[in-house]
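Take a look at the letters that make up each chain.
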Amino acid sequence: MPQLLCSNPTELKEDGNDSIISNLALVEPEGRVGFRGLFENKFLLGISLFSTLGGFLCGYSLGVLKSVLPIESFGATFPEIYMNLKLKGWFVSVFVLAASFGATVSGPVCDKIGRKMGIICNAVIFLLGSSLQAGATSPVYLFVGCAVAGLAIGSLTHVVPMYIAEISSANIRGSLVSLQQLAITFGILVSYWIAYGTSHIGGTRCAPEIPYTGALPNGMPAFDPYTDVPPGGCTGQKQASWRVPLAFQILFALCLAIGMFFIPYSPRWLVEQGREEEALETLSRLRRKPTEDCSVRTEFLEILAEVRFAREVMKAAYPNAGPVRLSINKYLVLMSSWPKSKRTVVGCLIMMFQQNMGVNTLINLLPMIFGQLGLDPNTTSLIATGIYDIVNMLATLPAIFLVDSVGRRPVLISGAAGCLICLSILSPMITAYGKDWAAHVVAARIAIVFVFLYNVIFSYSWAPMGWVVTSEIFPLHLRSTGMSLTASNMWSSNFAVELFAMAPNVDGIWYYVSAAFSLAALLSAIFLIPETKGWTLEEMDPVFRDNATDSLREHKEGIRRELGLPDQALLNAQ
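The rules behind these values
Residues numbered from 1 in each chain as written. Predicted model: local features only at pLDDT ≥ 70, side-chain atom pairs only at ≥ 80, totals over all residues. Heavy atoms only, no water. Core = buried A, V, L, I, M, F, W, Y, C linked by side-chain atoms within 4.5 Å. Buried < 20%, exposed > 50% of the residue type's maximum accessible area, 1.4 Å probe, protein only. Helix = DSSP H or I, 4+ residues; strand = E, 2+ residues; numbered from the N terminus. Contact = heavy atoms within 4.5 Å. Axes fitted to C-alpha atoms, helices over the stretch in contact; angles between N-to-C directions. Parallel < 35°, antiparallel > 145°, perpendicular 65-115°, else oblique. Left-handed = near helix turned anticlockwise from the far one by under 90°. Nonpolar A, V, L, I, M, F, W, Y, C, P; charged D, E, K, R; others polar. pLDDT = per-residue confidence, 0-100. Polar contact = N/O pair within 3.5 Å; in protein donor to acceptor, adjacent residues only side chain to side chain. Disulfide = S-S within 2.5 Å. Phe/Tyr/Trp six-rings, centres within 6.5 Å; stacked < 30°, edge-to-face > 60°. Lys NZ or Arg CZ within 6 Å of the ring centre and 35° of its normal.

Novice: Would you mind going over the nonpolar core in detail, with residue names and values included?
Specialist: Formed by 131 residues in total, the largest nonpolar core has its most connected members in F74, F95, Y454, W462 and W491. Per element, the largest residue contribution to this core is 14 residues, and it comes from helix α8 (residues 139-167). If near-sequence neighbours (up to four positions away) are discounted, W491 is found in contact with C58, L62, F95, V96, A99, S100, A103, I153, G154 and T157. Listed in part, the 18 residues of the second largest apolar core include L280, F300, A305 and I559.

And the structure:
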């Protein structure tokens, strides 16, 4: 969208705390769009990449919890978890539930302490949780550590995309926020290979001299921690095989907590706190331009106009509200009209579809196929997890190239259509051949191809777009609140999938359900989700037809004129 610039950048007028820009003109946005524009401002790119350590921690912590469960020395230390499928499921589910709660409470907290301090505080909380996991000597400590770490990760998935969106410029915002998903996939990948490597510390077996007494469902011998562990503990594989990967994440959390002290605050949050001079200086630093530059001044005034308008509207609606009541009122405002409700609906739907379109179901299909084809567990793990995660990460890269050039909706539409096609082919195949893939080798190979194809399609589309769209659709005064709802919805949806669809279902029912969700996602992308490419965060009201009444429009235009900005109608006409 067109941005405001001065024809004469030195012609400024000060009136109290207000900066008035005269001789404004309309021009096209500065800088290249999308991936090509990322390297024009390496400072902003570097800050965004560092902030996505929060995303890396999310992927790593989720991946490592699943990776340590099959390690025999872990089973020797916690036999009740190793042998109980329900406890194994809850080992991850406790983390996910805590993340959902963390994302929910993060909304009002980050409004109060800011995005930067929110990241720092949650990195410290994560340090505590991961330390409890790595040093656990009983299941209680292990589960408490999961809950504490999950609380921090849920909050980080709320605040990191929001922070990146608020420091970005419109022409590269989608690409920068997409780095969040790239960091998550990289964290998952690193967690697997770290755990795979450390699982060989002392050997891969707890006690090589003791034959297995347990058995897998297919009849193959398996480790039983109640009968296959010598009285003094494992003589082969060391406890470091699972403690090291759990402790490894402490290093990244420590880097994030310390490094964020040197990262600037969100200029939009600073304006909201009344720290306008600091906000202008921060914006200047982020844009690598002097504070007198017209593009910097204009962006600052756009933010200031948005904050003043929201503050006055909220004060008129709730004149006597205190801080606590004001936080509650923000949730009510999100439901007060269809334009604002639509933002919440769009954000929650995107996150729900992201988790229910089959990504969490199909990842369990590969081990089942490889197991029936007779591959040993080590080879199955390498292909079904290690190689799958590599493809997952690499397939996220196209989103960084596409999101700001072709737009959000085309990426979402093509992704939903591709996922639907893959699931429509896989579902009947699983129903027909799922009980005996070994007798249908050709069908099994075709199924493997479509699982990996689905992985590619989902990874460039709905996986990153969930973070992009939800981070930009809410107005500033409701952004933290709205994003806390969407992030919490994502984790709740993930928990539902883990609870009901974690175990492979050879009848294929969950794959049909996932196909139905993909169809619903496709229809939503076509008919409900608006295009936000190129709009600044302050220009989202027209996208959702918000503030549509004459009085609200006149009120906002009055604030803009007071600050020296032209009418929004003039901007939208360009």
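There's more to say after this.
Novice: I'd like to hear about the packing of helix α19 (residues 408-433) against helix α23 (residues 509-527), residue by residue, with values.
Specialist: Axis separation between α19 and α23 bottoms out at 8 Å; the angle between their running directions is 160°. Classified by the angle between their axes, α19 and α23 sit roughly antiparallel to one another. The two elements α19 and α23 meet at a crossing, and its hand is left-handed. For the pair formed by α19 and α23, the contact residues are R409, L412, I413, A416, A417, C419, L420, L423, S427, P428, I430 and T431 on the first element and Y511, Y512, S514, A515, S518, L519, A521, L522, A525 and I526 on the second. Counted by class, the contact of α19 with α23 contains 17 nonpolar, four polar and one charged residues.

Novice: Give me the confidence of the model for the chain: which residues, what numbers.
Specialist: Averaged over every residue, the pLDDT of the chain is 89; residues scoring 70 or more account for 91%. Within the chain, the element-level pLDDT minimum falls on strand β3 (residues 18-21), averaging 39, and the maximum on helix α7 (residues 115-134), averaging 98. Low pLDDT (under 50) marks residues 1-5, which in the prediction has 31 contacts with non-local residues, meaning those over four places away or in another chain. Overall, residues 7-28 carries pLDDT values under 50, and its contacts beyond four positions in sequence, including any with other chains, amount to 52 contacts.

Novice: Outline the side chain of R268, listing residues and values.
Specialist: Turning to its location among the elements, R268 is positioned in helix α11 (residues 267-272). Among the polar contacts made by the side chain of R268, one reaches the side chain of E538 at a distance of 2.8 Å. Apart from residues lying up to four places away in sequence, R268 is in contact with E166, S168, E299, I303, L476, R479, L537 and E538.

Novice: I'd like a rundown of the state of the cysteines, residues and numbers included.
Specialist: Taken as a whole and judged by the stated rule, the model has one disulfide. A disulfide bridge connects C206 with C234, and the sulfur atoms are separated by 2.0 Å. What sets the handedness of the C206 and C234 disulfide is the S-S torsion sign, and at about -100° it is left-handed. On the criterion of sequence distance, the pair formed by C206 in the loop between α9 (173-198) and β5 (214-215) and C234 in the loop between β6 (221-222) and α10 (240-259) is long-range, its members being 28 residues apart. Its relative accessible area of 0% is what places C206 among the buried residues.

Novice: Explain the packing of aromatic side chains to me, using residue names and the numbers behind them.
Specialist: Counting across every chain of the model gives 25 aromatic pairs. Ring geometry for F56 against F186: centres 5.7 Å apart, planes inclined by 50°, an arrangement best described as tilted. Here F56, found in helix α3 (residues 53-68), pairs with F186, found in helix α9; they are 130 residues apart in sequence, far enough to count as distant. We classify F56 as buried; its relative accessible area is 6%. When its relative accessible area of 39% is taken as the criterion, F186 is described as partly exposed. Ring geometry for Y82 against F223: centres 5.6 Å apart, planes inclined by 80°, an arrangement best described as edge-to-face. Of this pair, Y82 sits in helix α5 (residues 79-82) while F223 is found in the loop between β6 and α10, placing the two residues 141 residues apart along the sequence. Residue Y82 shares its accessibility class with F223, and that shared class is buried. One aromatic cluster is present, formed by F56, Y60, F186, F248 and F252 through successive ring pairs. The positively charged end of R205 is found above the aromatic ring belonging to Y212, 4.1 Å away from the centroid. Against the face of Y265 rests R275, its NZ or CZ located 5.2 Å from the ring centre.

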